[in-house]
Amino acid sequence: MYLEYYGLKEPPFSITPDPRFVFLSERHRDALAHLLYGIGQGGGGGFVQLTGEVGTGKTTLCRLLLEQLPENTRIALVLNPKISPLELLETICEELKLDIEGRQGSLKGMVDRLNAYLLEAYAQGLRVVLIIDEAQNLSSDALEQVRLLTNLETPTQKLLQIILLGQPELRELLARPELRQLAQRITARYHLTPLSGDDTDAYLRHRLAVAGCNRFPFTKLAVKRLHEHAGGVPRLINVIADRALMAGYAQNLQQIGERAVDLAASEAMASPIRRLRVPGVTVWVGLLLVTLLAVWLWPREADPEQVEAPAESPPEEGEPEEEANGGAGDPPLTLADLRERMRDAQSSSVTAWNQLLSLWTLRAEDVDVRTAQRCPPVLAPGVYCLRSSGSLSKLATLERPVVLRLSSEGRDAWAVLVGLSGTRARLSLDGETFEVTRRTLERAWLGEYFALWKAPEFMAGVIRSGESGPQVEWLRSVLPIRDRRQRAEGPAYFDESMANEVRRVQASHGLVPDGVVGPETLFALVSRERVGPRLRSQL
């Protein structure tokens, strides 16, 4: 109805996954790069985990991934993981078009057939990848069967690469002690966050342009309000924007303002469930039962410390008992303790950024903390900021303090990671420093971090193969080049040999080894130098 009114050739905000309308924010591009890297050459038989809230675009990324697969890749895609381990194996075999006649119902028969196929594929130079969507719905038994599939290997190489796509509940599922063996095999983690305000604006403009719109119909305040209502979730943006265009058409609005967006959001978003009135007698009976139960349970009340203890993981096999429990010094905080401190945090974002700036000896007149919180690529001349995501293992290789965005029970808090050992992490939250186990931190951290570093003022921008100039000269000076002939005097040239050195550095820090020197690679290169603050490793 509103298409002709706004000069559109087709609906711009349909929730069907039309590849023509796909918009890849920087976060989506990073996530896709992680998946391609896992399939290509970086997985080594480990797991690649991609999580994100409902509607953030995980399935869309999966479709794009399938379109960009190398020719030597064979894919088994499982879309409905609410099945038994045997059914899961049968589904995998069917996806790979294997002949399982006479083997149905036999777990061993399925594994033997799959193992034979993987050996044949390996001999032919093929890579076999298993992708499980909605992986948070896998049962513990099915997850254990998935882990056992990675035991199919030759003496030098794993035969199966596994990618798990799921909602944030997948992270909680894999944090269970009984699944720690699987969690340890995850070689790459990425959490897909909602779109930022700027990304939401670009997203709207992209979809409208694809649909043939020559004039952007939303005001700046309308875009801001739409982003707030949708929380940056693309699916909700589509629903609200479509309803807003309908409202604009009904009211003959050439420009859609914030009021129309508010009305559209109130109609499109689910209303809160009304609570039913409970009869008075039921209330009194309920209170009586609660009182009786409280009296009966009072002598048996558990110690709070004993209640929280199971949240921490037991010692790994072969791990010293003292080290598993945190070693000497103060005991690490439990997950409940960490959540309580997050709730009590007053201005953790400002405090965290002020602390990170002070660690780099940056004063208020050098960098404004409000500017730093937005993390622009260039904070000041020679001072750079990076917003990225990864794992604690990745941060351990960088050895630099970073600001972590913690999230638990619907509340965000910002802490500075100042120390990291094999079992513990040291955090500073609202000016108070304490330690937690790495497992506890992983349960409260979605993988997003903010980092600062210093480099020459001319280092702004990406360095690619074939370039020369001051940036390449500096790159040659910091790269751990093995061939001394490449360190000869004279103008530096970013050739293939230098690109290979860049790839080695990227791989050693868990980055996509594409040979392109972007912000993450620059940060990794600077982190190899001994100048500047470093993470404390002895906790």
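Located above this text is the structure these notes cover.
Note that this is a predicted model, so its numbers are computed, not measured.

Moving on, we come to the overall build of the chain. Helix and strand content of the chain: 22 helices and 12 strands. Within the chain, buried positions represent 46% of all 539 residues. For the chain, restricting intrachain contacts to residue pairs at least 6 apart in sequence, the fraction spanning at least 24 positions comes to 68%. Just so you have it, the chain exposes about 27,600 Å², and 52% of that area is on carbon and sulfur atoms.

All right, on to the sheet that holds strand β4 (residues 160-166) then. Strand pairing in a sheet relies on backbone hydrogen bonds, with the paired strands running either antiparallel or parallel. Pairing is parallel in the open sheet, where 5 strands are placed in the order β2-β3-β4-β1-β5. The outermost strands of the open sheet, each flanked by one partner alone, are β2 (73-78) and β5 (186-192). Going from strand to strand, the sheet's axes swing by 15° on average, the running direction of each strand aside. Alignment of strand β3 (residues 127-132) against β4, held across 5 bridges, turns out to be parallel. Bridge assignment links I131 to a residue of β4, and that residue is I163.

This part covers the pattern of salt bridges. Here the structure, examined in full by the defined rule, presents 18 salt bridges. The partner of E448 in a salt bridge is R387, with the nearest N and O atoms 2.5 Å apart. Placement of the pair is E448 in strand β12 (residues 445-454) and R387 in strand β7 (residues 383-389), with a sequence separation of 61 residues. Residue classification places E448 among the buried positions, given a relative accessible area of 4%. A salt bridge links R503 to E496, with the nearest nitrogen and oxygen atoms 3.0 Å apart. Taking relative accessible area as the criterion, R503 reaches 25% and is therefore assigned partly exposed. A residue is classified by how much of its surface remains accessible, and E496, at 45% relative accessible area, is partly exposed.

Moving on: the nonpolar core. Formed by 69 residues in total, the largest nonpolar core has its most connected members in W353, L404, L417, L441 and L475. Leaving out residues up to four positions away in the same chain, L475 has contacts with I463, F494, M498, V502, V517 and L525. A76, L98, Y117 and L152 belong to the second-largest nonpolar core, a separate cluster that totals 36 residues.

An order of β6-β7-β12-β8-β9-β10-β11 is seen for the 7 strands of this open sheet, with the pairing classed as antiparallel. Here the strands that pair on one side only, and so sit at the sheet edges, are β6 (378-380) and β11 (432-437). For this sheet the average axis-to-axis angle between neighbouring strands, irrespective of direction, equals 30°. Set on the sheet, helix α22 (residues 519-527) makes contact with β7 and β12; between it and β12 the angle comes to about 65°.

Here we take up the environment of L522. Checked against the element boundaries, L522 lands in helix α22. When the C-alpha positions of L522 and L386 are compared, they lie 9.7 Å apart, and in sequence the two are 136 residues distant.

Within the secondary structure layout, R439 lies in helix α19 (residues 438-444). Relative accessible area serves as the criterion here: at 13%, R439 is assigned to the buried category. A sequence separation of 104 residues divides R439 from L335, and the C-alpha atoms of the two residues are 9.2 Å apart. At a separation of 3.0 Å, a polar atom in the side chain of R439 contacts the main-chain carbonyl oxygen of A175.

Below, the discussion takes up the side chain of T200. Within the element layout of this structure, T200 appears in helix α8 (residues 197-210). Beyond its immediate stretch of four places on either side in the chain, T200 contacts L195, H227, G232 and I237.

Next up on the list: helix α3 (residues 85-95). When we look at burial in α3, the residues that qualify are L88, L89, E90, I92 and C93. Taken together, the buried residues of α3 touch β2, α4 (107-123), β3 and α5 (140-149). Looking one or two residues past α3, K97 carries a phi angle of roughly 60°, positive in sign.

Looking now at the state of the cysteines. If you walk through the whole model with that rule in mind, you get 1 disulfide. A sulfur-sulfur separation of 2.1 Å characterises the disulfide bridge that pairs C375 with C385. Taking the torsion about the sulfur-sulfur bond, which here is approximately -105°, the covalent link between C375 and C385 counts as left-handed. Here C375, found in the loop between α17 (369-374) and β6, pairs with C385, found in strand β7; they are 10 residues apart in sequence, far enough to count as distant. Assigned by exposure class, C375 and C385 land together as buried.

With that out of the way, let us pick up the packing of helix α9 (residues 220-230) against helix α11 (residues 258-268). Contact geometry of α9 with α11 gives a least axis separation of 8 Å together with a crossing angle of 25°. Comparing the axis directions of α9 and α11 gives the class roughly parallel. Relative to α11, α9 is oriented so that their crossing is right-handed. Every residue of α11 that contacts α9 at L221, A222, R225, L226 and H229 is listed here: E258, V261, D262 and A265. Here the contact of α9 with α11 is composed, by residue class, of 5 nonpolar, 1 polar and 3 charged.

As for its placement among the helices and strands, L174 is situated in helix α6 (residues 169-174). Owing to a relative accessible area of 4%, L174 belongs among the buried residues under this scheme. Distance in space between the C-alpha atoms of L174 and R443 is 9.7 Å, their sequence separation being 269 residues. For L174, the contacting residues outside a window of four places in its chain are Q49, L143, L179, L182, A183, I186 and R439.

For the rest of this paragraph, the subject is the packing of aromatic side chains. In total, this model carries 7 aromatic pairs according to the counting rule given. Between the aromatic rings of F216 and F218, the centroid separation amounts to 5.8 Å while the plane-to-plane angle is 55°, which identifies the pairing as tilted. With respect to class, F216 is no different from F218; both count as buried. When the centroid spacing of 5.7 Å and the interplanar angle of 40° are considered together, the rings of W453 and F523 count as tilted. One end of the pair, W453, is in strand β12; the other, F523, is in helix α22, and 70 residues separate them in sequence. Look at W453 and you get buried, because its relative accessible area is 4%. We classify F523 as buried; its relative accessible area is 1%. Three or more aromatic residues joined by ring pairs form one cluster here, namely Y5, Y6 and Y249. Lying across the ring of F216, R205 places its NZ or CZ 4.0 Å from the centre.

What counts, and where the lines are drawn
Within each chain, residue numbers correspond to sequence positions counted from 1 in written order. Given that the model is predicted, a residue must reach a pLDDT of at least 70 before its local features are reported, and side-chain atom pairs must reach 80 or more before they are shown or counted; all residues, however, enter totals for whole chains, interfaces and linings. Processing note: side-chain calculations cover all non-hydrogen atoms of the structure and skip hydrogens and water entirely. For the purposes of this entry, the term helix denotes a DSSP run of H or I that reaches at least four residues, the term strand denotes a run of E that reaches at least two, and both are numbered from the N terminus. We call a residue buried when its accessible area falls under 20% of the maximum for its residue type, exposed when it is over 50%, and partly exposed in between, using a 1.4 Å probe and counting protein chains only. Throughout, a residue-residue contact means that at least one pair of heavy atoms, one from each residue, lies within 4.5 Å. Here the accessible surface of atoms and residues is derived via Shrake-Rupley with a 1.4 Å probe, and residues count as covered only by protein chains that are part of the display. For two strands to pair, DSSP has to find at least two bridges joining them. Angles run from 0 to 180 degrees between N-to-C directions of axes, and those axes are lines fitted to C-alpha atoms, restricted for helices to the stretch in contact. Take a side-chain nitrogen of Lys or Arg and a carboxyl oxygen of Asp or Glu: if they are within 4 Å of each other, that pair is a salt bridge. Put simply, buried Ala, Val, Leu, Ile, Met, Phe, Trp, Tyr and Cys residues joined by side-chain atoms within 4.5 Å make one nonpolar core. Polar contact is defined as a pair of N or O atoms within 3.5 Å, subject to the rule that within protein one atom must be able to donate a hydrogen and the other to accept it, and that residues adjacent in sequence are counted only when both atoms are side-chain atoms. The disulfide criterion is simple: two cysteine sulfur atoms within 2.5 Å. Orientation labels follow simple angle bins: below 35 degrees gives roughly parallel, above 145 gives roughly antiparallel, 65 to 115 gives roughly perpendicular, and whatever is left gives oblique. We call a crossing left-handed when the near helix sits turned anticlockwise from the far one by less than a right angle, and right-handed when that turn is clockwise. For this scheme, ten residues count as nonpolar: Ala, Val, Leu, Ile, Met, Phe, Trp, Tyr, Cys and Pro. Four count as charged, namely Asp, Glu, Lys and Arg, and the remainder, Gly too, count as polar. Aromatic rings from Phe, Tyr and Trp, taking only the six-membered ring of Trp, are treated as a pair when their centres fall within 6.5 Å; an angle between ring planes under 30 degrees marks them as stacked, one over 60 as edge-to-face, and anything in between as tilted. When the NZ atom of lysine or the CZ atom of arginine is within 6 Å of a ring's centre and also within 35 degrees of its normal, the charge is said to sit over that ring.

Geometric descriptors of this kind do not, in isolation, establish any biological role.
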